[in-house]
Amino acid sequence: MLKVDITVIGGGPAGAIFAKEASKDSSVAMIYENSKKTCGGLLSEDAQKYFAERNIAIPKELLVSPQTFAVDTIDLSQDLFCRYQRSYINIDRKIFDEWLRDNVPNNVVKTEGHATKIERADGGFVVHYKENNEEKTVFSKYIVGADGANSLVRRTFFPNKKIRSYVSIQQSFDLVENAPYYACIFDKESTECCAWMIKKNNELLFGGAFEKKNCRESFEKMKKKLSALGICLGKEKETEACMVLRPESPAQICLGKDNVFLIGEAAGFISPSSFEGISKAMYSAEALAIAMRKKNIIKSYRKSTFKLRFSILLKSVKCPFMYMPLLRKAVMKTGFTSLKLK
């Protein structure tokens, strides 16, 4: 059995950044699944800030075309349209995650596998996982959950810590000429959340967050409404789905206890308004790695993530203006901060 100080479950932005930082002081094993992430694959200004603060350049291999500087906001139910200036970087999310893992030093034991069970043992934990269909185990003093919305770590050790969740569905299509470069789409008849449409090289991605009940039917309903607008998506090339969290307040964030810790979306660090989670994953991961050098880990981790939790509070306040139809209509009708189209 492999023995290390820390086992981190998950190898996305949260897991990779944590493993990189924690390996400076501890022995680390990282177990991850190299699967696609159902998201738009855009680096927000906060994510860009994380790299800028650390003087890290983004390799051109991660970038996809087009690079756009605006988001089209479309309200299908109320027949409203606005364009807002935004500064995102359009990336290939799968390559982005692989790049982050490539930057994890070789003293970290990196395993592409699937964690199946975690048990407490004398002096630590035993993680059971499958690698190439072979059952394996690793023992460690600490467990870090960086395994996303459907976190095995959170379900195992904090089952009563519930966070509102949705099903994220995304499909890829051949490019459609009249489709927007990047759009945020609302339709109260399909979902209380939103959908997105993004061009990436020679493909068009369409996805959204939907209530679990009849999620696929709601997804298809929104596609039909887009078709009525003249945006006919055709036959899908690939369909992906996963769970996505949407915290209602900072109180729903679970940092951990008793040598078990959560980072990224597993902890609830994701914007309830935009569903942006990459920046929060990286910041929370680094915060925990530094906190683990302190005597009181959880106290230090809580203190250093205050700004992240406060930002989620602010995003919760913003949510009604985005997701309540009457308030959204009032904002869009005023044209406040929207661009004048020429």
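Everything below is about the structure shown above.
Our subject in this report is the structure included herewith. (Residues numbered from 1 in each chain as written. Predicted model: local features only at pLDDT ≥ 70, side-chain atom pairs only at ≥ 80, totals over all residues. Heavy atoms only, no water.)

## Observations regarding the pairing of strand β4 (residues 70–75)
Then step 1. Among the six residues that make up β4, six are buried, leaving the element largely enclosed by the rest of the structure.
Then step 2. The alternating pattern of β4 places Ala70, Asp72 and Ile74 and Val71, Thr73 and Asp75 on opposite faces, both of which are buried.
Then step 3. Pairing of β4 with strand β5 (residues 80–85) involves six bridges; the strand directions are antiparallel. Among the inter-strand pairings, aspartate 75 is bridged to a residue of β5, identified as leucine 80.
Then step 4. Connecting the antiparallel pair β4 and β5 is a turn made up of four residues, with aspartate 79 showing a positive phi of about 55 degrees.
Then step 5. As defined by bridge partners, β4 adjoins strand β12 (residues 182–186) across four bridges and the pair is classed as parallel. Along β12, the bridge assignment pairs aspartate 72 with alanine 183. (Buried < 20%, exposed > 50% of the residue type's maximum accessible area, 1.4 Å probe, protein only. Helix = DSSP H or I, 4+ residues; strand = E, 2+ residues; numbered from the N terminus. Pairing = 2+ DSSP bridges.)

## Things to note about unusual backbone geometry
Then step 1. In this chain, serine 65 is followed by proline 66 through a cis amide linkage whose omega measures 0 degrees.
Then step 2. Position of proline 66 relative to the elements: it lies in the loop between α2 (45–53) and β4.
Then step 3. The phi dihedral of asparagine 55 falls on the positive side, at around 55 degrees, and the residue is not glycine.
Then step 4. If you trace the backbone, asparagine 55 turns up in the loop between α2 and β4.
Then step 5. A positive phi angle is found at asparagine 132, which is not glycine, with a value near 55 degrees.
Then step 6. Structurally, asparagine 132 is set in the loop between β9 (124–131) and β10 (134–145).

## A few points about the sheet that holds β4
Then step 1. In spatial order, the strands read β5-β4-β12-β13-β14-β11-β15; together these seven strands make up an open sheet with mixed pairing. The open sheet has two edge strands, β5 and β15 (238–245), and neither has a second partner. Between one strand axis and the next, the sheet turns by 20 degrees as a mean value, whatever way the strands run.
Then step 2. Sheet contacts for helix α5 (residues 215–228): β11 (165–174), β12, β13 (195–200), β14 (203–210) and β15; angle to β11, the most-contacted strand, approximately 45 degrees. (Axes fitted to C-alpha atoms, helices over the stretch in contact; angles between N-to-C directions. Contact = heavy atoms within 4.5 Å.)

## A short note on the pattern of salt bridges
Then step 1. Across all of its chains, the model carries 19 salt bridges by this definition.
Then step 2. As a salt-bridge pair, arginine 293 and aspartate 25 come within 2.5 Å of each other at their nearest N and O atoms. In this pair, arginine 293 sits in the loop between α6 (278–291) and α7 (297–304) while aspartate 25 sits in the loop between α1 (13–22) and β2 (28–32), placing the two residues 268 residues apart along the sequence.
Then step 3. Residues joined by salt bridges that share partners form a network here, namely Lys49, Glu53, Arg54 and Glu286. (Salt bridge = Lys/Arg side-chain N within 4 Å of Asp/Glu carboxyl O.)

## Overview of the nonpolar core
Then step 1. Ranked by size, the top nonpolar core spans 63 residues in total, and within it Phe18, Phe96, Ile118, Ile263, Leu288 and Met292 carry the most contacts.
Then step 2. Aside from chain neighbours lying at most four places away, what touches phenylalanine 18 is Ile6, Val8, Val144, Ile263, Ala285, Leu288, Ala289 and Met292.
Then step 3. Within the second largest apolar cluster, 24 residues are counted, among which are Ile163, Cys193, Val244 and Ile270. (Core = buried A, V, L, I, M, F, W, Y, C linked by side-chain atoms within 4.5 Å.)

## Brief notes about the packing of helix α8 (residues 306–323) against helix α9 (residues 325–334)
Then step 1. Look at α8 against α9: their axes get within 5 Å of each other, and the N-to-C directions meet at 80 degrees. Of the possible angle classes, the one that applies to α8 and α9 is roughly perpendicular. Along its contact with α8, which presents Pro320, Phe321, Met322 and Tyr323, the element α9 presents Pro325, Leu327, Arg328 and Val331.
Then step 2. By residue class, the composition of the contact of α8 with α9 is seven nonpolar, no polar and one charged. (Parallel < 35°, antiparallel > 145°, perpendicular 65-115°, else oblique. Nonpolar A, V, L, I, M, F, W, Y, C, P; charged D, E, K, R; others polar.)

## Structural notes on the packing of aromatic side chains
Then step 1. In the structure shown here, the tally under the stated rule is 12 aromatic pairs.
Then step 2. Ring centres of tyrosine 142 and phenylalanine 261 lie 6.4 Å apart, and the angle between their planes is 35 degrees; on these two criteria the pair is classed as tilted. In this pair, tyrosine 142 is assigned in strand β10 and phenylalanine 261 in strand β17 (residues 260–262), connecting sequence segments 119 residues apart. Note on accessibility: tyrosine 142 and phenylalanine 261 belong to one class, buried.
Then step 3. Ring pairing ties together the aromatic residues Tyr50, Phe51, Phe96, Trp99 and Tyr283, which thus form one cluster.
Then step 4. Between the NZ or CZ atom of arginine 54 and the centre of the ring of tyrosine 50, over which it lies, the distance is 3.8 Å.
Then step 5. Positioned above the aromatic ring of tyrosine 323 is the side chain of arginine 246, whose terminal nitrogen or guanidinium carbon lies 4.3 Å from the ring centre. (Phe/Tyr/Trp six-rings, centres within 6.5 Å; stacked < 30°, edge-to-face > 60°. Lys NZ or Arg CZ within 6 Å of the ring centre and 35° of its normal.)

## Thoughts on the environment of valine 127
Then step 1. For valine 127, the location among the structural elements is in strand β9.
Then step 2. Looking at valine 127, the relative accessible area reads 0%, which means it is buried.
Then step 3. Between the alpha carbons of valine 127 and isoleucine 31 there is a distance of 9.6 Å; along the sequence they are 96 residues apart.

## So, the side chain of arginine 309
Then step 1. Mapped onto the elements of the fold, arginine 309 is located in helix α8.
Then step 2. For arginine 309, the side chain forms a polar contact with the main-chain oxygen of arginine 302, separated by 2.3 Å.
Then step 3. Leaving out residues up to four positions away in the same chain, arginine 309 has contacts with Pro250, Ile253, Phe269, Arg302 and Lys303. (Polar contact = N/O pair within 3.5 Å; in protein donor to acceptor, adjacent residues only side chain to side chain.)

By themselves these figures say nothing about function.
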